[in-house]
Amino acid sequence: MTNTDTNHKEATTIASIADIQNGIDYHNTIALHLVNAAKFHQEAAIHHQNGNHDRAAQSTIKAHGKILMALESQKENYKLHALLS
């Protein structure tokens with residue numbers, strides 16, 4: 001193995017550690033948004049049961065927003081994985 005090959009492997013390993021951490025961060029962010037979306041959906045169900053349909057609608061909109069945020073983070077995570085391939 002030449003010195004150039006060794007330097008390339010070291011650079012790749014260092015970049016990979018940062019990329020792995022970015023991937024972990026994306027997964028945690030996505031999970032947090034989805035957990036929050038689930039909470040808002042549960043709120044919406046309770047509001048519907050209590051006859052507070054306007055509040056249920058507000059909770060549903062919040063849930064939808066969190067899902068969109070999760071999808072946006074997921075797109076960024078896909079880009080990261082595409083760069084690593």
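Each chain has its residues counted from 1, running along the sequence as written. In keeping with the predicted nature of the model, local features appear solely for residues at pLDDT of at least 70, side-chain atom pairs appear and are counted solely at 80 or more, and the whole-chain, interface and lining totals rest on all residues. Side-chain numbers come from the whole structure's heavy atoms, not from hydrogens or water.

A. Broad picture of the overall build of the protein. What counts as a helix is a DSSP run of H or I of at least four residues, what counts as a strand is a run of E of at least two, and both are numbered from the N terminus. Of regular secondary structure, the protein possesses 2 helices and 0 strands. For every residue, the accessible area obtained with a 1.4 Å probe (protein chains only) is divided by the maximum for its type, and the residue is called buried under 20%, exposed over 50%, and partly exposed between those limits. Residue burial in the protein is summarised as follows: out of 85 residues, 16% are buried. Pairs of residues are marked as contacts when any of their non-hydrogen atoms sit within 4.5 Å. Contacts spanning at least 24 positions in sequence make up 66% of the contacts within the protein whose residues lie at least 6 apart. Only the protein chains shown count as cover for residues, with accessible areas throughout obtained via the Shrake-Rupley method and a probe of 1.4 Å. Here the protein has roughly 6300 Å² of accessible surface; of this, 61% comes from carbon and sulfur atoms.

B. Region of interest: the environment of isoleucine 67. Its location among the elements puts isoleucine 67 in helix α2 (residues 53-84). A sequence separation of 32 residues divides isoleucine 67 from valine 35, and the C-alpha atoms of the two residues are 9.4 Å apart. Beyond its immediate stretch of four places on either side in the chain, isoleucine 67 contacts Ala37 and His41.

C. Focus on the side chain of histidine 33. Locating histidine 33 in the fold gives a position in helix α1 (residues 3-49). Given a relative accessible area of 10%, histidine 33 falls into the buried group.

D. Looking closely at the pattern of salt bridges. A carboxyl oxygen of Asp or Glu within 4 Å of a side-chain nitrogen of Lys or Arg is what we treat as a salt bridge. Counted according to the given criterion, the structure contains 1 salt bridge. Among the ionic pairs, glutamate 76 bridges to lysine 79, the shortest N-O distance being 3.1 Å. Within this pair, glutamate 76 and its partner lysine 79 are both found in helix α2, separated by 3 residues, close to a single helical turn. The class for glutamate 76 is partly exposed, based on a relative accessible area of 26%.

E. Structural detail: the environment of alanine 45. Of note, alanine 45 is situated in helix α1. Through-space distance from the C-alpha of alanine 45 to that of threonine 60 is 9.0 Å; in sequence the pair is 15 residues apart.

F. Structural detail: the side chain of serine 59. Counting through the fold element by element, serine 59 comes out in helix α2. Reaching out from serine 59, the side chain makes a polar contact with the side chain of glutamate 43 at a distance of 3.0 Å. Leave out the neighbours within four places in its chain, and serine 59 touches Phe40, Glu43, Ala44 and His47. Counted as a polar contact is a pair of N or O atoms within 3.5 Å, where, for protein atoms, one must be capable of donating a hydrogen and the other of accepting one, and residues adjacent in sequence contribute only when both atoms are in side chains.

G. The environment of alanine 38, seen in detail. Secondary-structure assignment places alanine 38 in helix α1. When its relative accessible area of 39% is taken as the criterion, alanine 38 is described as partly exposed. Sequence separation between alanine 38 and isoleucine 67 is 29 residues; the distance between their C-alpha atoms is 9.1 Å.

Any link to function would need more than the numbers given here.
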